[in-house]
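# Examining the three-dimensional arrangement
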Protein chains: 2
Amino acid sequence: MLVPGKTSGRAGIADVARLAGVSIGTASKALNDRGQLREETRARVQAAAEQLGFIPSSVATSLLTGRTFTVGLIMTDHHGRFSLPVLHGAEDALGWAETLAFVCDTRDDPIREQHYVRSLLGRRVDGIIVAGRRAEARPPLITRAPVPVVYAFARSADEGDCSVVTDEEGGAVLAIEHLVRTGRRRIAHVTGPHGHASAIARVAGVSRALRAAGLEPVGDPWYGGWSEVWGRFAAAALTREHPDVDAVFCGSDTIARGVADGLRESGRRVPEDVALVGVDNWAPIAEECRPPLTSVDLNLREVGRQAGRLLLQAIENGHTPGVHSVDCQLVVRSSSAPASGRT
Amino acid sequence: MLVPGKTSGRAGIADVARLAGVSIGTASKALNDRGQLREETRARVQAAAEQLGFIPSSVATSLLTGRTFTVGLIMTDHHGRFSLPVLHGAEDALGWAETLAFVCDTRDDPIREQHYVRSLLGRRVDGIIVAGRRAEARPPLITRAPVPVVYAFARSADEGDCSVVTDEEGGAVLAIEHLVRTGRRRIAHVTGPHGHASAIARVAGVSRALRAAGLEPVGDPWYGGWSEVWGRFAAAALTREHPDVDAVFCGSDTIARGVADGLRESGRRVPEDVALVGVDNWAPIAEECRPPLTSVDLNLREVGRQAGRLLLQAIENGHTPGVHSVDCQLVVRSSSAPASGRT
């Protein structure tokens, strides 16, 4: 069960056996802790391996166990804003199992996706994580995978698949509850495009939390783009139509940053006159916002961790279908500090 | 040279052999295009493989060739701003060679780095790319790798290593030449911390290009942090001390965005009164800047592509030491449009 050494100067098991004065079979047994050997022999082989800097081959291990201790992580996200935290979380979970991830970026191209799935299967990965870029359900992988697959952030449209998502509706509830608790009563919601899955989920959370608090929303949800320019425009229109607005919950940090600038330029102070909360907790935006922005963190690293854990479980014990949901967390900064006298 | 099939329902070579009515050895020869076989037998085996969706095992291929067609990509960059384009470029280059990358994030922790290098070597990767987060030279990998290593973006401090970097000084020259060509004469430079390698390189480029144009800089370089708040502060100070300033070249897009806001709030129009250029061409900042920001693109994707190509060359033909430099590109947006009557 040996792998031929490369000619690059890396010590192979044959070198270890030669230095220890034993057969290759004996050296292999000693290093893999198998078979009947005298303790002295095992120790001599291990010392030789240590001396030569011998690194046991995972290729050989995988031939013994039928597992390669590798997984594929397929992502499609040029800015990495959503995929990278998922990758970090998956790495946390897989590290415990000494498992490494091949990372492939499909760049939203189904042909590339299909190509990568086949490449990964050709490498005998033990499983695949598919990390999405948006909360929308996605079609299952085109090439049917004979190994477990877990979808992260974007769930699979096939209910027989295993997906880990973030509870976006619950995240919106956290934001509204925080604004109500800090004394705000006239709360508006400015968000992304009408029909976008994340916008729909957040609007549902806003309605639920306002109803629970016995409050009316300030106008209908304000749908637009996920951009600062939309935020600035919405802030100007909002303060004109509803001068008594005292809080804005925004569907993204980018929108919130535009709202912050728009409010300031309309003569409103944040947070004294109007409190502001965003979604994504994306540091370069939330921390540079004026003032720094309270934001709902989608907890994507935890999504990645759970995806990694579920994949390892599926590899060991078989597949568990279903959608697993991870809670959001509110990260409070100064944009939602209570106005004096309100709490 | 067979790999035992897993029990997950994936067709193994034994299944192909059974369906084709040949021995496993014959099936292997037919699928690997080796040995003497009748054309009819080869075709029958290939049809059986097709029918069963048999995917040839790269593990078996690697045992035949001594190569695994895998590389490691070690990165350390939580926001992914610098590492992800390098990863995409490396993927472009490696894709041609049917090579996949294990991606590991060391999170700036030397212990994690050492762990990952050993894991990658244990998987018998053919080579390693180390992607840095900043232009500063970094120490070589702690664990000596018996396979080729290429450093990308952050070069190795060891001159015997192979590194691909971006020509930051040349990037600054591009920015100044553009400002001069569009009629600006009173050009200031606001940048990051004193002593930072990128700041040093960009200051050198600014001096060289201004000298070549026969212009004096507006004050010494303005050193501060890589943040918007520093940009706003610098803009206010700059317009107070040098009211005739007509252009600012900033060491990063983040600083430039702060300068844009600071200038507007000091009553200066961008680009009519003052032109503005940043560095990084980081879309979420450059495109949302008011007005959209002209920026020096560090061409990190090309850095990744060259790193991938050099690694493949090193794997085939051995290591080429040295530092390879990739040119920057200027991406022009409205923040540097010529003031009317100046050109």
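Residues numbered from 1 in each chain as written. Chains lettered and ligands numbered in written order. Predicted model: local features only at pLDDT ≥ 70, side-chain atom pairs only at ≥ 80, totals over all residues. Heavy atoms only, no water.

As recorded by an unreviewed UniProt entry, chain A carries the name Transcriptional regulator, LacI family and is attributed to Actinoplanes regularis.

### Topic: the overall build of chain A
A count of helices and strands for chain A gives 12 helices and 12 strands. For 343 residues, the compact-globule formula gives about 20 Å, and the C-alpha radius of gyration of chain A, at 27 Å, lies well above that figure. Counting over 343 residues, chain A shows a buried share of 58%. Accessible surface, chain A: about 14100 Å² in total, of which carbon and sulfur atoms supply 52%. Of the charged side chains in chain A, 39 are positive and 40 negative, and the gap between their average positions amounts to 4 Å. (Helix = DSSP H or I, 4+ residues; strand = E, 2+ residues; numbered from the N terminus. Rg over C-alpha atoms; globule rule 2.2 N^0.38 Å. Buried < 20%, exposed > 50% of the residue type's maximum accessible area, 1.4 Å probe, protein only. Areas by Shrake-Rupley, 256 points an atom, 1.4 Å probe, with all protein chains shown as cover. Lys, Arg positive; Asp, Glu negative; His and termini not counted. Charge placed at Lys NZ, Arg CZ, Asp CG, Glu CD.)

### What about the nonpolar core?
Core analysis: the biggest nonpolar cluster contains 90 residues, and Phe249 of chain A together with Phe249 of chain B have the highest contact counts within it. For phenylalanine 249 of chain A, the residues in contact, after removing those within four places along its chain, are Ala172, Ala175, Ile176, Leu179, Ala188, His189, Val190, Val206, Val277, Gly278, Val279 and Val296 of chain A. Of all hydrophobic cores here, the second largest spans 32 residues; its members include Ile74, Val125 and Val147 of chain A together with Leu141 of chain B. (Core = buried A, V, L, I, M, F, W, Y, C linked by side-chain atoms within 4.5 Å. Contact = heavy atoms within 4.5 Å.)

### Focus: the packing of helix H1 (residues 13-20) of chain A against helix H3 (residues 39-52) of chain A
All names here are of chain A. Following both chains from N to C, one finds H1 and H3 inclined at 125°, their axes separated by 8 Å at the closest point. When the axes of H1 and H3 are compared, the pair comes out oblique. In this structure, H1 crosses over H3, and the sense of that crossing is right-handed. From H1, Asp15, Val16, Leu19 and Ala20 reach across to H3, where they touch Arg44, Val45, Ala48, Ala49, Gln51 and Leu52. (Axes fitted to C-alpha atoms, helices over the stretch in contact; angles between N-to-C directions. Parallel < 35°, antiparallel > 145°, perpendicular 65-115°, else oblique. Left-handed = near helix turned anticlockwise from the far one by under 90°.)

### A few points about the environment of alanine 49 of chain A
Residue and element names in this part refer to chain A. Residue placement: alanine 49 occurs in helix H3. Separated by 90 residues in the primary sequence, alanine 49 and proline 139 place their C-alpha atoms 49 Å from one another. Those residues in contact with alanine 49 that sit more than four places away from it in its chain are Val16, Leu31 and Phe54.

### Re the relation of the copies chain B and chain A
In the superposition of chain B on chain A (RMSD 0.2 Å, axial shift 0.0 Å), the rotation amounts to 180°. Expressed as an axis order, the relation between the two copies is that of a two-fold axis. Relative to the rotation axis, the C-alpha of phenylalanine 102 of chain B is the closest in chain B, positioned 2.0 Å from it. A share of 98% of interface residues in chain B that are also interface residues in chain A marks the association as one of identical surfaces. (Least-squares fit on C-alpha atoms with pLDDT ≥ 70 in both.)

### Details of the sheet that holds strand E9 (residues 275-279) of chain A
Residues and elements named next belong to chain A. A sheet is described by the order of its strands in space; here six strands give the open sequence E7-E6-E8-E9-E10-E12, paired in mixed fashion. The open sheet has two free edges, formed respectively by strand E7 (222-223) and strand E12 (329-331), since each of these has just one partner strand. Judged from the three bridges that link them, strand E10 (residues 294-297) and E12 form a sheet pairing that is antiparallel. Paired with valine 296 across the bridge in E12 is leucine 330. Its contacts with the sheet put helix H7 (residues 168-181) on strand E6 (187-191), strand E8 (247-250), E9, E10 and E12, and the angle it makes with E8 is roughly 165°. Across the face of the sheet, helix H10 (residues 253-265) comes into contact with E6, E8, E9 and E10 while running at roughly 160° to E9. (Pairing = 2+ DSSP bridges.)

### A word on the pattern of salt bridges
For the coordinates displayed, the defined rule picks out 45 salt bridges over all chains. Salt bridges here are not isolated pairs; linked through shared partners, they connect Glu91, Asp92, Arg301, Glu302, Arg305 and Arg309 of chain A together with Arg107 and Arg112 of chain B. (Salt bridge = Lys/Arg side-chain N within 4 Å of Asp/Glu carboxyl O.)

### Remarks on the sheet that holds strand E12 (residues 329-331) of chain B
Residues and elements named next belong to chain B. Strands sit in the order E7-E6-E8-E9-E10-E12 across an open sheet of six strands; the sheet is mixed. Because the sheet does not close on itself, it has two edges, and the strands there are strand E7 (222-223) and E12. By the bridge criterion, three bridges tie strand E8 (residues 247-250) to strand E9 (residues 275-279) in an arrangement that is parallel. Counterpart to alanine 247 in the pairing with E9 is alanine 275.

### Overview of helix H1 (residues 13-20) of chain B
Residues and elements named next belong to chain B. Of the positions making up H1, those classed as buried are Ile13, Val16, Ala17 and Ala20. Along the long axis of H1, the arc covered by the buried residues comes to 100°, so they all point the same way. Considering only its buried residues, H1 is in contact with helix H2 (24-32) and helix H3 (39-52). In the stretch just after H1, glycine 21 is the one whose phi turns positive, near 70°. (Arc of directions from axis to C-beta.)

### Here's the deal with the interface of chain B and chain A
Listed as interface residues are 65 residues of chain B and, on the opposing side, 64 residues of chain A. Note on chain B versus chain A: buried area summed over both sides is about 5700 Å², and carbon and sulfur give 52% of it. Run the count over chain B and chain A and you get 12 salt bridges. Counting residues per element, the ones that place at least two in the side of chain B that touches chain A are helix H4 (58-65), strand E1 (70-75), helix H5 (83-95), strand E2 (100-105), helix H6 (110-122), helix H9 (228-241), helix H10 (253-265) and helix H11 (283-286) of chain B. Per element, the largest residue contribution to the side of chain B that touches chain A is eight residues, and it comes from H6 of chain B. For the side of chain B that touches chain A, the per-class residue count stands at 27 nonpolar, 16 polar and 22 charged. (Buried area = accessible area lost by both parts, 1.4 Å probe. Nonpolar A, V, L, I, M, F, W, Y, C, P; charged D, E, K, R; others polar.)

### Brief notes about the domain arrangement of chain A
Splitting chain A by domain gives domain 1 (13-64), domain 2 (68-165 + 300-327) and domain 3 (168-298 + 331-336). Look at where the C-alpha atoms of domain 1 of chain A and domain 2 of chain A centre, and you get two points 36 Å apart. (Domains from an automatic or database assignment.)

### Describing the environment of glycine 122 of chain B
In this fold, glycine 122 of chain B is placed in helix H6. Separated by 102 residues in the primary sequence, glycine 122 of chain B and glycine 224 of chain B have C-alpha atoms spaced 44 Å apart.

### Structural notes on the confidence of the model for chain A
Caution is warranted with low-pLDDT regions, since their predicted coordinates should not be read in detail. Residues and elements named next belong to chain A. Looking at chain A as a whole, its pLDDT mean stands at 89, while 92% of the residues score no less than 70. Across residues 1-8, confidence stays below pLDDT 50; counting only partners more than four residues off in sequence or on other chains, it has 14 contacts. As a predicted assembly, this complex carries a pTM of 0.82 together with an ipTM value of 0.80. (pLDDT = per-residue confidence, 0-100.)

### Some words on the environment of glycine 127 of chain B
Tracing the chain through its elements places glycine 127 of chain B in strand E3 (residues 127-131). Separated by 160 residues in the primary sequence, glycine 127 of chain B and glutamate 287 of chain B place their C-alpha atoms 37 Å from one another.

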